[in-house]
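An overview of the molecular structure
The chain contents come next:
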Amino acid sequence: MVSLLLFPGCAGQDIVDDAVTEAQIFDLINQARVEEGLPELTQDPNLYEIALEYCQEMYQENVLTHDGFESRADSVRSNGYTLIGENLARGYDSPETLVQDWLLSPDHQENILNPFFFYTGLACYNGYTCQIFGGYDLKPFIDPLGLWPR
């Protein structure tokens with residue numbers, strides 16, 4: 001599942017400390033997962049590098065797009081994951097606003113609250129955020145008849 005969100009106001013704004021912003025977004029996303037009875041995501045350094053490189057590319061090209069997702073997904077698969085998702089955003093006022101708006105968007109929320117995603121790479125770069133999700137498609141083993149709603 002791929003989802004993007006563009007916030008008005010501060011597109012292209014330099015983020016003084018991207019690492020602090022990343023940590024805040026990461027914590028808020030895990031808080032939302034825990035509130036729904038899901039395990040916290042674990043930051044995977046390989047997925048982080050994929051996300052950071054894509055943030056930098058979007059910044060350099062001044063775009064927000066999922067173009068090239070299959071190439072990123074191939075890189076994620078090469079790390080052993082069989083289920084892959086991506087959320088993108090640009091121009092947010094705060095980590096709280098970003099996560100709140102992601103949770104209000106059905107596609108973003110689906111990625112954040114997907115019980116089969118266990119790992120993530122969440123990167124910020126000069127106002128761009130990319131979150132890559134990695135997990136395992138366990139649904140055929142857990143629900144072979146397809147009765148589970150998610």
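Read on for an overview of the structure. No experiment lies behind these values; they were computed from the predicted model shown.

Looking now at the packing of helix α2 (residues 45-61) against helix α3 (residues 69-77). Contact geometry of α2 with α3 gives a least axis separation of 10 Å together with a crossing angle of 160 degrees. Taken together, the axes of α2 and α3 lie roughly antiparallel to each other. Viewed along their axes, α2 and α3 form a crossing whose handedness is right-handed. Across from L47, I50 and Y54 in α2, the residues of α3 making contact are R72, S75 and V76.

With that settled, the discussion passes to a negative patch on the surface. Taken together, E49, E53, E57 and E61 make up a surface patch of like negative charges. Mapped onto the elements of the fold, E53 is located in helix α2.

Our focus in this paragraph is the packing of aromatic side chains. With the rule as written, the count across this model stands at six aromatic pairs. Measuring from centroid to centroid gives 5.3 Å for Y59 and Y125, while their planes differ by 80 degrees, and the two rings are edge-to-face. Of this pair, Y59 sits in helix α2 while Y125 sits in strand β4 (residues 117-125), placing them 66 residues apart in sequence. Classification of Y59 by relative accessible area gives partly exposed; the value is 31%. Measuring from ring centre to ring centre gives 5.6 Å for Y81 and Y136, while their planes differ by 40 degrees; the resulting arrangement is tilted. Of the two residues, Y81 is situated in the loop between α3 and β3 (83-90) and Y136 in the loop between β5 (128-135) and α6 (139-142); the sequence distance between them amounts to 55 residues.

Rules used throughout
- In every chain, residue numbers begin from 1 and rise along the written sequence.
- Totals for whole chains, interfaces and linings use every residue, but because this is a predicted model, local features are given only for residues with pLDDT of at least 70 and side-chain atom pairs only at 80 or more, for both listing and counting.
- Side-chain numbers come from the whole structure's heavy atoms, not from hydrogens or water.
- Between the N-to-C directions of two axes lies an angle of 0 to 180 degrees, each axis being a line fitted to C-alpha atoms and, for a helix, fitted only over the stretch in contact.
- Numbering goes from the N terminus for both helices and strands, where a helix is a DSSP run of H or I of at least four residues and a strand is a run of E of at least two.
- Orientation is classified from the angle alone, with under 35 degrees giving roughly parallel, over 145 giving roughly antiparallel, 65 to 115 giving roughly perpendicular, and any other angle giving oblique.
- In this scheme the crossing of two helices becomes right-handed for a clockwise turn of the near helix relative to the far one and left-handed for an anticlockwise turn of less than a right angle.
- Should any heavy atoms of two residues lie within 4.5 Å, those residues are considered in contact.
- Patch membership is restricted to residues that have no salt bridge and whose relative accessible area is over 30%. Joining uses 9 Å for like charges and 5 Å for the nonpolar side chains Val, Leu, Ile, Met, Phe, Trp and Tyr.
- The method behind every accessible area is Shrake-Rupley, applied with a 1.4 Å probe, and residues are considered shielded solely by the protein chains displayed.
- Between Lys or Arg on one side and Asp or Glu on the other, a salt bridge is scored when a side-chain nitrogen of the former is within 4 Å of a carboxyl oxygen of the latter.
- Two residue types count as positive, namely Lys and Arg, and two as negative, namely Asp and Glu; His and chain ends fall outside the count.
- Here the site of a charge means atom NZ of a Lys, CZ of an Arg, CG of an Asp or CD of a Glu.
- Within 6.5 Å between ring centres, the rings of Phe, Tyr and Trp (the latter by its six-membered ring) count as paired, and their orientation is classed by plane angle as stacked under 30 degrees, edge-to-face over 60, tilted in between.
- For every residue, the accessible area (1.4 Å probe, protein chains only) is compared with the maximum for its type, and the residue is labelled buried under 20%, exposed over 50%, or partly exposed between those bounds.

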